[in-house]
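# Fold and contact review
Listed below, chain by chain, are the residues.
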Amino acid sequence: MRKTKRSILGAMLLAFALIMAACTNDDESGGEEPETGSGELSGNVRIWTHQNDAFNDGLQALADSFAAENPGVTFEFETFDYDTYIQTLQTSLPAGTEADVLQVFGSWTCSYADNLAPVPESVLTTADADSAFFEAALDGYKCDDQLYGMPQEFNIEYGATLVNTELAEAAGLGDLSEGWDDWDAFTADAQKLSEGGEGDMTRAGFMFTTADALPYTFYSMIVQQGGSYLSEDGSAFTINTPEGKAALEQMTSFVEAGLVDPVLYNDEANWVGDCFFATTCAMGVVGPWVVADYKDDFPEVAAAATYAPLPSMGDEPNFVADSGWGLTVSNRSEVSDAAWAFVQYAALDAENALEWNAAAGTLPALRANAEGDAATTLVEGFPQFGPFLDILGSGQFVGELPDRDLLWYDITYPHILSALQGNESIDDALAAMEREANETIGG
Amino acid sequence: MTTPIVENQGDKEAVSSSAGLRGSDRASGGQPDGGRRRWFGGRQGRERKFVFGVMSPMVFYMAIFSVLPIIWAIVLAFFDYSARRNGGPVVGLGGDNPFVGADNFGQMLDFSEERPLEVRQFHLSLKTTLMFAFVVVPVNLAITLPLASFIESIHQRMRPVFRNLFFLPVLTSAVGVAIMWGFIFNPQQGLLNGLISQVRGQDTIIAWTTDPNLTVLGIPVALLAVIVAYIWQDLGYNLIIFIAALQAVPQSMKEAAVIDGARPWQLFRYVTVPLLKPTILLASILTMISAFQVFDLFQVMTAGGPQDQTRALSLDIYESAFRFQRMGWSAAISVVLFLIVFGLSLVQSRLLSSDWEY
């Protein structure tokens, strides 16, 4: 019996040792460089992306054309559903088992930077990147002034509102595509689109109470007034400020005017995409990607969907944005030359980048593709892009935050929603947000 | 006592060994593979081989997928570990993922006003989970036991129909159940509000799962909505257990009680229920354990809202680990959850144990 136990214990220890060995970092796995180094690229480039058919079809087309121009290079795509992808990145990067090219959401880049390769100067300098890409799209890829990748899209969630033109016409509002002069004019129109009141609202005139829309709206309103929610050196959050208070008061005024009932409309119920396409809300704050997502199921509503620029709390239509999806290269890649050449080909070459934007239905990260013929091409394919293309230059990166998701979803959203629902005063909400945000950086 | 047939030397030693003669270990020491031959030789050896053969895959499976993760979670609970950071060379521990001793557990005992957000969320999720479990277990048992008794009392032909009817939700995906109940509780298009509107004769909109101010006896209505969905799905499981137990209750005892003049309620209260005590213990422990582990219903129906009122411990563990990358903190919560379930199971078994069997 004792021997049986010993055998089982031995087997378990062996299994444990094998698993520990498998989980241990292998820092000496650099291996040989299979590329020739003579200027001719070669090697098999593994690419990891999240599962988005439109994104991946566009990237695959670029990989095919790159491989045709560089016969020595082959590509191997591996895709993961969104949640699995995040976990895979988080576990594989420290373990050193990642692919050569990694599709990364820009705002996450710095949290993975230890395992990513800086963009070589020969590929793109930071100064050249600044002039080629929009600031908001690029800055997430910069960590301590070092560039770690290139954005492919401009991820925008604020700046213009989704409008159901049929409901607007029925309410006698006419063409709203030019936007409004100020918030009063906007509120008056949105009121006409609301049906029902607090507690029995059947249609929200303006739905902005989701976990993404509330923080984007709040922080954008702060920067529109010339304020900042981060101290100059980035060491502390400054949310409980006159600008923060004015922003929250403006948002509260929307609720008081009956534009939305935040108890019935929030991130858990009547999410903006769902309510807009079910016509239980007439306008809503959400990026243009939502139209592509819902149009197959709701073609009639999609046909009536357009975007109208929102008024600003200042002189400029400033807004905050995350850096969107782009491409990075692992610092352990054995085919880094080919990998960087492909990233450059896909994200920096204006023609190829436009091809991908058109295939993926995303706004361009490259300044060159937001104007002229390129812009016309995009608007022909995606009419809802029109109002956004004009304001992309006014976007600023949300900032290098210690934990952006924590700030957005567990600090800003619950407190602002609570204030809008009348369960927390504006002053208490601002104080709590500032305190909790500073806890994330130990400030 | 029969003497085992001895086929060869190996068997003889095996028999000695099985009789508790430890000296046999030393006796075979002089033969290079005597121990092996003794262990696997002969008829008992073949039996051992068979046992090893059938048990090894499960032992390996349990070791790798159950024991190791538990050990790993306990280890992580003592580190400030995040998979995003590069730690030390061995499994990423140390370095940027430092050892913090019992700090994670110490923080959980911080009840000051200034405690960090994650600690407040932990306290809230612990309260929510306890509330959920302590409502679910008695309600579940209060429904399933009489229901099982009722099903057993009806005509034999109808029993399978009811059994299948009540067991079907158990086979349904929890995500599907959550979506269905989410639709029922939807404020504008939900079936429940539609029904209430019909009865009242006017449009009624109640935000069952999103109004933080809606409570009944201090329990958030959103949590009650999840409890309803959970009990609906889990009902059939305990029902089958109780039906099986009821079928095992000796008919003679029931007949004796009837001869003594017991009425149906008395028969159920004083004969059936006491005889089912071990089964009630089993069902309550299993229900309690699964109630502490519910994740999908919370995630899909309410996502922890409104205002974290349905943020269960399992959701807190998931969010801390995979959304906010606080693996060490998350592992510490997992250890606490494990200890709570373990402790409650011990208490339940002590309270409901019986000294007899039938």
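The model shown is predicted, which means the values in this text are computed figures rather than measured ones. (Residues numbered from 1 in each chain as written. Chains lettered and ligands numbered in written order. Predicted model: local features only at pLDDT ≥ 70, side-chain atom pairs only at ≥ 80, totals over all residues. Heavy atoms only, no water.)

This part covers the interface of chain B and chain A. With 43 residues of chain B at the contact, the number on the chain A side is 46 residues. Summing both sides of the interface, chain B and chain A together bury roughly 3900 Å²; the carbon and sulfur share of this comes to 55%. Counting across the interface, chain B meets chain A through two salt bridges. In this assembly, chain B and chain A are joined by ten residue pairs in polar contact (both at pLDDT 80 or more). Of all the secondary structure elements, the ones that give two or more residues to the side of chain B that touches chain A are α4 (42-76), α6 (117-153) and α15 (313-323) of chain B. (Contact = heavy atoms within 4.5 Å. Buried area = accessible area lost by both parts, 1.4 Å probe. Salt bridge = Lys/Arg side-chain N within 4 Å of Asp/Glu carboxyl O. Polar contact = N/O pair within 3.5 Å; in protein donor to acceptor, adjacent residues only side chain to side chain. Helix = DSSP H or I, 4+ residues; strand = E, 2+ residues; numbered from the N terminus.)

So, about helix α14 (residues 336-348) of chain A. Think of an α-helix as turning once every 3.6 residues; residues three or four places apart then point the same way. Taking 1.5 Å as the rise per residue, α14(A) with 13 residues should run 18 Å; its terminal C-alpha atoms sit 17 Å apart, in good agreement. Buried within α14(A) are the following residues: A:A338, A:A339, A:W340, A:A341, A:F342, A:V343, A:Y345, A:A346 and A:A347. (Expected span 1.5 Å × (residues − 1). Buried < 20%, exposed > 50% of the residue type's maximum accessible area, 1.4 Å probe, protein only.)

Let us look at the sheet that holds strand β10 (residues 305-309) of chain A. Taken in spatial order, the three strands make up an open sheet running β9-β8-β10 (chain A), and their pairing is antiparallel. Looking at strand neighbours, the two that pair on one side only are β9 (283-284) and β10 of chain A, the edges of this open sheet. (Pairing = 2+ DSSP bridges.)

What follows deals with the sheet that holds strand β12 (residues 325-329) of chain A. What links the strands of a sheet is backbone hydrogen bonding, and the strands pair in either a parallel or an antiparallel sense. Residues and elements named next belong to chain A. Across the sheet, which stays open at both edges, the five strands sit in the order β2-β1-β3-β12-β6 with mixed pairing between neighbours. Looking at which strands have only one partner, the edges of the open sheet turn out to be β2 (73-80) and β6 (149-151). Each neighbouring strand pair of the sheet contributes to a mean axis angle of 25°, computed without reference to strand direction. Pairing geometry for strand β1 (residues 43-50) and strand β3 (residues 101-105), over two bridges, is parallel. Bridging from a neighbouring strand, W48 pairs with L102 of β3. Set on the sheet, helix α2 (residues 53-69) makes contact with β1, β2, β3 and β12; between it and β2 the angle comes to about 170°. (Axes fitted to C-alpha atoms, helices over the stretch in contact; angles between N-to-C directions.)

Rolled over the atoms, a probe as big as a water molecule pinpoints where empty space is left. Residue and element names in this part refer to chain A. For the structure shown, the criterion picks out three cavities of 30 Å³ or more. Taken as a whole, the largest cavity spans an internal volume of roughly 40 Å³. Around the largest cavity, the lining residues are E157, T210, D212, A213, W271, V272, V285, V286 and W289. Within the lining of the largest cavity, the residues separate by chemical class into six nonpolar, one polar and two charged. (1 Å grid on protein atoms, 1.4 Å probe; cavity = no way out; pocket = protein on both sides within 12 Å on 5 of 7 lines; lining within 4 Å. Points joined across faces, edges and corners; volume = space filled by probe spheres on them. Nonpolar A, V, L, I, M, F, W, Y, C, P; charged D, E, K, R; others polar.)

Here we take up the pattern of salt bridges. Throughout the structure, instances matching the rule amount to 17 salt bridges over all chains. A salt bridge links A:E195 to A:R203, with the shortest nitrogen-to-oxygen separation between them at 3.1 Å. A relative accessible area of 15% means that A:R203 is categorised as buried. One salt bridge in this structure joins B:R311 and B:D308, with 3.9 Å as the shortest N-O distance. Among the charged side chains, a salt-bridge network with shared partners connects A:D410, B:D308, B:R311, B:D316, B:E319 and B:R323.

Residue and element names in this part refer to chain A. Burial analysis of β3 places five of its five residues in the buried class, the great majority of the element. Along β3, one buried face is formed by V101, Q103 and F105 and the opposite face, lined by L102 and V104, is buried too. Looking at chain direction, β3 and β12 are connected through five bridges and run antiparallel. Within the sheet, the bridge partner assigned to F105 lies in β12 and is W325.

In this section: the packing of aromatic side chains. Residue and element names in this part refer to chain A. Tallied over the entire structure, the rule returns 49 aromatic pairs over all chains. Seen in terms of ring centroids, Y82 and W325 are 6.4 Å apart; in terms of plane orientation they differ by 85°. Their pairing is edge-to-face. One end of the pair, Y82, is in helix α3 (residues 82-95); the other, W325, is in strand β12, and 243 residues separate them in sequence. Take Y82: its relative accessible area is 39%, and that puts it in the partly exposed class. When its relative accessible area of 7% is taken as the criterion, W325 is described as buried. For the pair Y216 and W408, a centre-to-centre distance of 5.2 Å together with 75° between the ring planes defines the contact as edge-to-face. Of this pair, Y216 sits in helix α9 (residues 213-224) while W408 sits in helix α18 (residues 404-420), placing them 192 residues apart in sequence. For Y216, a relative accessible area of 2% puts it in the buried group. These aromatic residues form a ring-pair network of at least three members: W180, W183, F186, F206, F208 and F254. (Phe/Tyr/Trp six-rings, centres within 6.5 Å; stacked < 30°, edge-to-face > 60°.)

This next bit is on the domain arrangement of chain A. All names here are of chain A. According to the domain assignment, chain A contains domain 1 (45-155 + 322-397) and domain 2 (160-320 + 401-439). Each of domain 1 and domain 2 was reduced to a C-alpha centroid, and the two centroids are 28 Å apart. Between domain 1 and domain 2, the residue contacts involve 14 residues of the former and 14 residues of the latter. In total, domain 1 and domain 2 occlude about 1300 Å² of area from one another, counting both sides; carbon and sulfur atoms represent 63% of this. For the pair domain 1 and domain 2, the interface holds one salt bridge. Close ionic contact of R404 with D322 constitutes a salt bridge, the shortest N to O distance being 2.6 Å. There are four residue pairs in polar contact (both at pLDDT 80 or more) connecting domain 1 and domain 2. Residue composition of the side of domain 1 that touches domain 2, grouped by class: eight nonpolar, five polar and one charged. (Domains from an automatic or database assignment.)

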